[in-house]
Amino acid sequence: MKRLNKGSLDTLDAAINVPVYERPTTESAIVHFGIGGFHRSHQAYAFQRLIETDPGLYAAWTICGVCILPQDKQFVDKMKQQDLLYSLRVSASGMKEEITVMNIITRLLFGPEDHEEIIERISLETTRVVSFTITEGGYNIDGATGCFLSDHPDIQHDLDPANPPKTVFGYLARGLKKRKDRGAGRLILMSCDNIQENGAVLKMTLGSFLDMFDSSLKAYVEANTDFPNSMVDRITPVTGAADRTKLEEDYGYRDECLVVCEPFFQWVIEKDQATALPPLETAGVSRVEDVRPYEKMKLGILNGGHSLVGLLGKAMGYAYIYEAVNEGRISALYELYNRYEVIPSLAPLEGVSYDAYAGKVKERFGNALIRDTSDRIISGSTAKIPKFVLPVVNQRIAQGENPVIGALILACWWDYLDRFIAAGNMEKIEDPSKEEWLQLFGENKADTLTAFLNKKDVFGDLAKQGRFCETVKYYADLIRK
Ligand code: CS2
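None of the values given here were measured: they were computed from a predicted structure.

Asks: Is there a simple way to explain unusual backbone geometry in this structure?
Replies: Negative phi characterises most residues that are not glycine, and trans characterises most peptide bonds. Positive phi is not limited to glycine here, since L84 has a value of about 65°. Here L84 lies in the loop between α3 (73-81) and β4 (86-90). L84 sits in the buried class, given a relative accessible area of 9%. Unlike most non-glycine residues, N140 shows phi in positive territory, near 60°. Residue placement: N140 occurs in the loop between β7 (129-132) and α5 (153-159). Exposure remark for N140: the relative accessible area of 10% places this residue in the buried category.

Asks: Explanation requested: the sheet that holds β7 in the structure shown.
Replies: What holds strands together in a sheet is hydrogen bonding between their backbones, with the strands either parallel or antiparallel. Here six strands make up an open sheet; going across it, the order is β6-β3-β2-β7-β8-β9 and the pairing parallel. Since the sheet does not close on itself, it has two edges, and those belong to β6 (105-110) and β9 (225-226), each with one partner. Alignment of strand β2 (residues 30-33) against strand β3 (residues 63-67), held across four bridges, turns out to be parallel. Note that in β3 the partner of V31 across the bridge is C64. Against the sheet, helix α4 (residues 111-123) makes contact with β2, β3, β6 and β7, and its axis sits at roughly 125° relative to β6, the strand it touches most. In the packing of helix α7 (residues 198-213) onto the sheet, the strands contacted are β7 and β8 (187-191), and the crossing angle to β8 comes to about 110°.

Asks: For this particular structure, what's the right way to read the pattern of salt bridges?
Replies: Any two side chains of opposite charge can pair, given that their charged atoms come close. One pass over the full model with this rule turns up 33 salt bridges. Between K455 and D457 there is a salt bridge, and its shortest N-O distance comes to 3.1 Å. We classify D457 as partly exposed; its relative accessible area is 29%. Overlapping salt bridges bring together R3, E248, R254 and E256 as one network.

Asks: When you look at the environment of A324 in this model, what are you seeing that I'm missing?
Replies: Mapped onto the elements, A324 comes out in helix α11 (residues 321-325). What makes A324 buried here is its relative accessible area of 0%. Once the C-alpha coordinates of A324 and V361 are considered, the two residues, 37 residues apart in sequence, prove to be 14 Å apart.

Asks: Before we go on, may I ask you to explain the nonpolar core in this structure?
Replies: Considering soluble globular proteins, one finds that nonpolar side chains tend to be buried as a cluster. Counting residues in hydrophobic clusters, the biggest one holds 81 residues, and the most contacted among them are I301, L308, V309, F365, W413, W437 and F452. When residues of this core are assigned to their parent elements, the largest contribution, 13 residues, is made by helix α17 (residues 404-422). When neighbours within four sequence positions are excluded, F452 is seen to be in contact with L410, W413, W414, L417, W437, L440, F441 and F459. Within the second largest apolar cluster, 41 residues are counted, among which are I30, I104, V129 and I188.

Rules behind the numbers
Residues numbered from 1 in each chain as written. Predicted model: local features only at pLDDT ≥ 70, side-chain atom pairs only at ≥ 80, totals over all residues. Heavy atoms only, no water. Helix = DSSP H or I, 4+ residues; strand = E, 2+ residues; numbered from the N terminus. Buried < 20%, exposed > 50% of the residue type's maximum accessible area, 1.4 Å probe, protein only. Pairing = 2+ DSSP bridges. Contact = heavy atoms within 4.5 Å. Axes fitted to C-alpha atoms, helices over the stretch in contact; angles between N-to-C directions. Salt bridge = Lys/Arg side-chain N within 4 Å of Asp/Glu carboxyl O. Core = buried A, V, L, I, M, F, W, Y, C linked by side-chain atoms within 4.5 Å.

So, to be careful, I would describe these as geometric facts and stop short of saying anything about function.
Here you go:
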């Protein structure tokens, strides 16, 4: 079987878009942490489009990828076997699908083997942006207080400069120190994760780490780096074996690093700070003065809506999001949640219709060609729910309302955790905090729901909201009937 690599590029089916430019040899201006599917369908896509507009002028804007987790090894090896090429398959019903071979990644480094090179790359003058898709959980913050969790063993490990780093904070601190010693110039540190004010969160977490690591570096970072906030959006499921086989059947080549995603693409970056970015507007990126209302809209309607559809879908036995969102009751609840809870929690945003946005998101959830799963949406909920759902719940309570659909989402999440734990099926739950849940539910067998709602690092003081918690309990009982 034909495999994707430089040698096979010229032999691919004519329907496949092959790179229109030679991969530049200039050092990459971007070092990116977290080369998962989302980065490859989103930021990588935007920069490849930018380079295509003028390959000579924008030759520096390629990406040096960094994977730091030990489990990334297999992926790194596969990318290398394919000369760092991968296909991006964009599809939705009613449109002609588009498959593009991406060659924007020019180097791929693996933390456990290449840590010195990663630190060096952060410090190079040619590096202008260090960006991140490390998931909501990767910022190592307490869900309720937003404070940096400094006693995490990996953070403690990274505080000793003699240790090869394990976390992005360890890499950044060492790389920024070297950059400072070199006088390598201004740097943009750009979070591309789904977190309200993701730039400010990155700045705060890095600052907390530097306070403990080398506080003199903090002043350097203050003066020499920008942390733009941004809103990122493109639904990108985890690629499955069936997707790779389908590509092979449809187009006659094998791509072990294939990414499948929807056509919709949105990236809104704060304008005032990130001044040294190239004109990404030509690649479909928007720049606005204040990105926070866009983030709130997207986190509440899309990501919170996803949690609703995924958790209710799982409770009702749906494996795929497109199936769940088309189920009559889930479909109605998605609409009601937006109409009565999310949208009233948002301040009006000029030129944007939240209703229209919510309608479009629903249509996107219904895309059967990208086969997004309930399991993907539910995984990592301990980090997601405090960012996607609780801000809406808290805001509605502060507005004197009882957000009953928010309560239903929490009841479904509790049911999910409790059922899997009770069945001894914990390995099926993908959540970095699963050991904590296991212990908590184990110690409170008689009333896991109260213990769940009392988990302060997730829910803060929500347990004090009697009326709301009664509603969660009411739904929890109904689910179990
Ligand atoms: C999803 C997101 O992980 C989730 O729960 O809501 O990954 C979502 O698909 C992306 O943010 C879309 O931009």
